[in-house]
Amino acid sequence: MKNNLFLRLCALGTMLLFFLSGVANAAPLTIQINGTVTEPDGTPLIGCSIIEKGTTNGSLTNASGEYSIAVKDENSVLVFNFIGFTSQEVLVGSQTNISVQLEPSASQLDDIVVLAYGTQKKSDLTGAVGTLKSKDFNKGIVVNPGQLLQGKVAGVNVSSVSGEPGASQDVIIRGVGSLRSGTTPLYVIDGFVLDNSSTGVATNPLNFINPQDIESINVLKDASAAAIYGARAANGVVVITTKKGKSGKTEMNLSASTAISTLSNKIDVFSADEFKKQVVNAGGNLYNAGGSTDWQDELTRTAQSYTTHLSMSGAASEKFSYFASLGLDNQEGILLNSNLKRYSGRLNLNQTGLNGRLNIAFNLTASQTENNRPDGGSMVVNMLQLNPTIPAYTNGSPSLIDDMLNPLTRQEIYKDNAVNNRIIANFSPSLKITDDLTYKLNVGLDRSSTDRIVQMLPYALLEGLDLGSLNSSLVKNDNNLIENTLTYNYQKSSHNLNFLAGHSYQKTFEHLRGFNLTGFASSGIEPIYQDQTSTQEQPTTLNTYAIKNELQSFFGRVNYGFEDKYLFTATMRADGSSKFGENNKYGYFPSFAAGWNISNEDFMTTSVFTNLKLRASWGLTGNQEIPSKITQANYVESKSGNDTYPLNPNATTLDDYPYGTIFTRLANPNIQWEVSRQSNIGLDFGILANKLTGTVDYFNKTSENILLEVVPADPIQPTATYWTNVPDMQIKNSGLELSLDYRSSSQRSFYYGISGNITLMKNSVENSPYAVLSTGAAQGAGQTGATINGYINGESIGAFYMKEFVGIGEDGLNAYLDKNGDGQVLENDRYVVETAIPNVLYAFTVNLGYKNFDLGLNFNGVSGNKIFNHTAMSIFNKGSLSSSFNTTAFAVEYPEEAISNSNEVSTRYLENGSYLRMNNATLSYNLSPEKLMSSNWIKGVQFSLTGQNLFVLTDYSGFDPEVNTGSSTGGIQTFGIDRFTYPKARTYMLGLNVSF
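This text gives an overview of the structure that appears in the document.

Analysis parameters
Residues numbered from 1 in each chain as written. Predicted model: local features only at pLDDT ≥ 70, side-chain atom pairs only at ≥ 80, totals over all residues. Heavy atoms only, no water. Pairing = 2+ DSSP bridges. Helix = DSSP H or I, 4+ residues; strand = E, 2+ residues; numbered from the N terminus. Axes fitted to C-alpha atoms, helices over the stretch in contact; angles between N-to-C directions. Core = buried A, V, L, I, M, F, W, Y, C linked by side-chain atoms within 4.5 Å. Buried < 20%, exposed > 50% of the residue type's maximum accessible area, 1.4 Å probe, protein only. Contact = heavy atoms within 4.5 Å. 1 Å grid on protein atoms, 1.4 Å probe; cavity = no way out; pocket = protein on both sides within 12 Å on 5 of 7 lines; lining within 4 Å. Points joined across faces, edges and corners; volume = space filled by probe spheres on them. Phe/Tyr/Trp six-rings, centres within 6.5 Å; stacked < 30°, edge-to-face > 60°. Salt bridge = Lys/Arg side-chain N within 4 Å of Asp/Glu carboxyl O.

**Some words on the sheet that holds strand 2 (residues 49–52)**
Okay, so step 1: With respect to topology, four strands assemble into an open sheet ordered 3-2-5-6, the strand pairing being antiparallel. Unpaired on one side and paired on the other, strand 3 (58–60) and strand 6 (88–91) mark the two borders of the sheet. Averaged over all pairs of adjacent strands, the angle between strand axes in this sheet comes to 20°, irrespective of strand direction.
Okay, so step 2: Across four bridges, strand 5 (residues 77–81) lies against strand 6 in antiparallel orientation. The residue bridging Leu78 from the neighbouring strand is Val90, located in strand 6.

Okay, structure coming up:
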C-alpha cells in the first residue's frame, strides 16, 4: 500500500509538471541562439542560467558550457547568471551565436542576509551571524531544522535527545544561560515568531516544517544581532527563510527518496551460552528456557522510510512571484510501533503594485503530523535485560514469561498515537510612502491542535494489566501576532543610514483537556472506542489547564555606514509581558555594535586580503520562558490537615467540614527578567579572491537575575516554595569560535571544498547561595532522587556531583574515596568530578566533484564532557545477573563483588562522552538532460546515495554518546544522562531529483 501511494504521487507529480511545462513554453519563439559560457581562462561554466529578460523562458549550460535557447525577437535581452560571478546582459540583435565570459565576483559580500525585521548585505553586518544556505544543509532523512544545522555553525551545539523519529533536540547557542528556562532558541519563520510552548506532541514541535521548503537558516548569536527580539533572545535566535519564486525564472522540482535504517550500534550483552556460564559463576540460580534469543534483534527492525516532494516556483512577471509545494514524509523507527508521518503544504506569494510602491507577501504552511511511539523505555530495558535463553515465540505466538510481559506482546497491546494539525500564515503588506520611507504590516497566526491517546488493551494473563487503561488528551495552541514597522533609508554621497521603528503585539493561548480511564472489557476493541463508567474503584479523572500570555513590544534600530568602511548599529527593545508583576512589567534591552571594513581602506589596495572586517558588539537580551503568572498569588480549596475548621459542632469526620482556602503560591510583583549581558569581538577575512574565507569570534556572556523556585529559609511560610530572582547569582559563558572555508573553482573538471569550525567553550556558575541545584536525579528502586549533576557555585554547568568509586572492598561492596579525610564515607564526600557540557565543539566538511559526480562528507564531534550511564547503574549489575537477567561484562568486572551489592550514584557509571561522528555522506550524479530527451523542458536530473550516522568514534559503552534522557528536577533542564535511550539508527537513502 505504501509503495503504491508513493508511485501514484510520483506519477501524478510528473504529469502535472509536464502539463505546466508545456503551458509555460507555449509562447511563440522565433530566433534560435547558441553559445558557450566560460570563465576568463576558458573554463566552461556548468549549469549557468540564461534567461530571456522579462520572461520565464530560460536554459542552462551543459558540461561543456554550451547552451541553446529560442527567443522571441531581436529585441530580446539574455541575462547570464551564475553564483559567485558577475551577471551579464546581452542584446540579441542580429546575433545567433552569443558566447560570454563571466567575471568572478570580487567576493560574496553582497549576499543578502535575512535578519530580524529586514535584510542586510553581508559586508554591512556588525553582529555575529551564522549563515547556512540550503546547498550546505545536512543530507539524509531530516525531519526538522535542527538536524540541518548540526555541526554547521560555530558556537551552536545541536544534539538529539534520542534516536526516535522526530526526536526533540537540545539546541544550545553559546552555552547554557538559565536554570528554569532551558536552552531552546527563539525561532522566527518568514518574519513570524514561534511560541516554544508544548503542542502536546511528545517529539520535536518543529517537525511541522518541511526542510525541503527552507532556503536559508541564519543564527543570530550575539546581542547586537539578537537584541531586537529583546525578552526572548537570551538563548539566541534562529531565523528560517523559506523558498520564494525568483523573477525571470520558472522552476519545478520533483524529488523522491527511499531509505532503510537499522540499529547502528548494539550493546554487548551476553549471548545465551555466555549468559548460562556467567549466571553460574556469579552464584545465581540459572533459569534456562532452552532458547537462544538476541532480544536487540527481536525488538528492532529494518525500518523503511520514503519521501515525496513536489514544488513549483517562478514569476509570471516582475510584479508577481510564487512558490508552492506539497510533501509526504513517512519515517519508520527502528523500534517496533514507531513512526512519524507528515503531510505538508506551503504557498508563498509576492505581489507588487502601484508602480512598485506596494508589495504584498503571503506565506502559508499547513501540515498534519502523525506520531506513533512505542513504550520506548520498557522496550529498551527488555532488549538489554531479558534472559536470552527464553525463546521469543512459542508455537508462533509470543512466549509467556513468568511475572513479566513479553515485549513482543507489549507492542501489540500498547499504543501511543498523536495527531497534530497545524497551520501558520502571515500576511505582510508594505507601502513605500516616499522613496525613502516604508511602512510594513505583519499579521500572523499559528493554530495547532493535537489529539493524543495512550492506551493499554486489557491483558488477562498478567495482574495489573487485566483492566486496560486509556489516557486521552487534546491540546490546542493559538499564537497571534501583529506588527507595525516604519523603515527609513537615506543614502547620499558616502553616507548610508537605515532607521527602523516598530511595535509588536503577540498573544498566545494553550489549553489542555485530558481524561484518564481504567477498566475496559477484554473484547478485542480498543479502549478508545469503548464506553467506560466511572466507579469508586476505577474512577475517571479529568485534568485540564489553560495558559494565556501577552507580549507588547516597542523597538528601534539604527544602521549607519560611512564610505562602506565604518559601520555602526544600535538597537533598543522594550518588552512588556503578562508573565511579570506590576513593579517590573517592562524590560529594556539595548545593544551597540561597530564594524570596520579594513579591506576597503586605501592602504589595503595591494593586500592579499579581499575581505578584512573587524567587528565589536555589546548588548542585553532577556529570557521570559518561565511559567505564567508566577508573580501572582494562587490558592486552592482543601480539607486536609489544618486547612479547614469545624464550623459545624456536630461534625464527626472531615467530610462534614467546610473547605478551607490555602495558598499554593505567594504573590511577588518584584520579579524581574532574566538578563544576559554579552560582548563580542570578531574578525571576518577572505584571501585568494575569497576562495579562502574565515571568521573568528570571541564572546563573553553573563546571565543575571536568575529566576528560580526556591524553598524559603524561614520554616514558617504559607507555601513550601516561592519564586524569586536569586541575588547576585550569575551564569557565565565565554568562548572562542573559528570557522574556515576553502573552495576551488566549481567549474573545473575536478573541484573541491573543505570547511570546518571549532568552538572552545568555558562556563561556570558564580555567586550561587546553594550547595547544589540538581539538574539530574537518579530514578528507580532505591535510587530515586539521588543527585547526579547540577549547578554548583564556581563549577561548570551540568557538573557531576557524586562519590568517587575506587573499587570493591573486602566485604564485596562498593568502596568510595574518603574525600574529606574524616575516616568515613558519607554524603559530604561527594564532589564535582566532571561536567556534562562539552568544552570543545568541532565539525568539518569535505566536498569533492569530478565532472557530473559530487561527493560530500560531513563530520561533527564534541570533547571534554562525560556521560552518566544510568542504564548501566539500573540493570547491569551482579545482582540482576544472579537472578537470571542479562547484563554486559560490566557486571562481572569485579569477581569479588557480592551479589547483594547495591547500585549507587558514583563515578563507577561515569564515562567519556567525547566522539567524532560521520554525520552524513552523499554521492550524487547530475545527469545531463540532453542525454535523455529535449532539454527544453527538463533542466536537470540528479541521483543521490546518502548514508547517515555511518560511524562514531567513541569510548562510550552505550548505544550512542549523543544522548540526554535524564529526568529534570524542579523544571531545571538535565544534561548528559543516558537512561534507557531509544537507540540511534544507521540509514542509507536513495534519492532522485528532477528539475523542470
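**Some details on the sheet that holds strand 7 (residues 100–101)**
Okay, so step 1: Taken in spatial order, the three strands make up an open sheet running 4-1-7, and their pairing is mixed. Looking at which strands have only one partner, the edges of the open sheet turn out to be strand 4 (66–71) and strand 7.

**Brief notes about the nonpolar core**
Okay, so step 1: Formed by 53 residues in total, the largest nonpolar core has its most connected members in Leu384, Tyr791 and Phe868.
Okay, so step 2: Those elements giving two or more residues to this core turn out to be helix 6 (376–385), strand 36 (707–710), strand 41 (787–791), strand 42 (799–802) and helix 8 (870–875).
Okay, so step 3: Here this core gets five residues from one element, more than from any other, and that element is helix 6.
Okay, so step 4: Setting aside chain neighbours within four positions, we find Leu384 in contact with Ile267, Val269, Gln296, Thr871, Ile875, Phe876, Asn886, Thr887 and Phe959.
Okay, so step 5: If you look at the next biggest cluster of nonpolar residues, it comprises 24 residues, including Leu132, Ile173, Ile189 and Val238.

**What about empty space enclosed by the protein?**
Okay, so step 1: Using the criterion set out here, one finds 13 cavities of 30 Å³ or more in the structure.
Okay, so step 2: If you add up the space inside the largest cavity, you get close to 500 Å³.
Okay, so step 3: Along the walls of the largest cavity sit 29 residues, with Ile141, Gln147, Ser160, Gln948 and Ala985 positioned nearest its centre.
Okay, so step 4: Among the elements that make up the lining of the largest cavity, the one with the highest residue count is strand 50 (residues 915–927) (three residues).
Okay, so step 5: For the second largest cavity, the calculated volume is near 230 Å³.

**Looking at the pairing of strand 48 (residues 866–869)**
Side chains on a regular strand alternate between the two faces of the sheet.
Okay, so step 1: Pairing of strand 48 with strand 49 (residues 910–912), which is carried by three bridges, proceeds in the antiparallel orientation. Paired with Phe868 across the bridge in strand 49 is Leu910.
Okay, so step 2: Across two bridges, the pairing between strand 48 and strand 52 (residues 977–978) is parallel. Within strand 52, the position partnered with Asn869 by the bridge is Asp978.

**A short note on the packing of aromatic side chains**
Okay, so step 1: Tallied over the full model, the rule gives 17 aromatic pairs.
Okay, so step 2: For the ring pair Phe562 and Tyr566, a centre distance of 6.3 Å and an interplane angle of 15° mean the geometry is stacked.
Okay, so step 3: The exposure class of Tyr566 is partly exposed, given its relative accessible area of 35%.
Okay, so step 4: Here the aromatic rings of Phe844 and Phe859 are separated by 4.7 Å at their centres, their planes lie at 15°, and the arrangement is stacked.

**Side note on the side chain of Gln150**
Okay, so step 1: In this fold, Gln150 is placed in the loop between helix 2 (145–149) and strand 11 (156–160).
Okay, so step 2: If near-sequence neighbours (up to four positions away) are discounted, Gln150 is found in contact with Asn138, Val158, Ser159, Asn860, Asn919 and Glu962.

**A short note on the pattern of salt bridges**
Okay, so step 1: The final tally for this structure, using the stated rule, is 34 salt bridges.
Okay, so step 2: The salt bridge partner of Arg410 is Asp375, with a shortest N-O separation of 3.1 Å. With Arg410 in helix 7 (residues 407–413) and Asp375 in the loop between strand 21 (358–373) and helix 6, this residue pair connects regions lying 35 residues apart in the sequence.
Okay, so step 3: For Asp375, a relative accessible area of 19% translates into the label buried.
Okay, so step 4: The shortest N-O distance in the salt bridge between Arg743 and Asp741 comes to 3.1 Å.
Okay, so step 5: A single network of salt bridges, built from pairs that share partners, joins Lys135, Asp136, Asp741 and Arg743.

**Section: the pairing of strand 50**
Okay, so step 1: Burial of strand 50 is extensive: 10 of the 13 residues sit out of reach of the surface.
Okay, so step 2: Bridging between strand 47 (residues 853–863) and strand 50 involves 10 bridges; their strand directions are antiparallel. If you follow Phe859 over to strand 50, its bridge partner there is Met918.
Okay, so step 3: Summarising the sheet, strand 50 and strand 51 (residues 940–954) pair through 12 bridges and their orientation is antiparallel. Residue Asn926 lies in a different strand from strand 51, and its bridge partner there is Gln942.

**Considering helix 6**
Okay, so step 1: Across the 10 residues of helix 6, eight count as buried, placing the element largely inside the fold.
Okay, so step 2: The set of residues buried in helix 6 consists of Gly376, Met379, Val380, Val381, Asn382, Met383, Leu384 and Gln385.
Okay, so step 3: Taken together, the buried residues of helix 6 touch helix 5 (295–298), helix 7, helix 8 and helix 9 (878–882).

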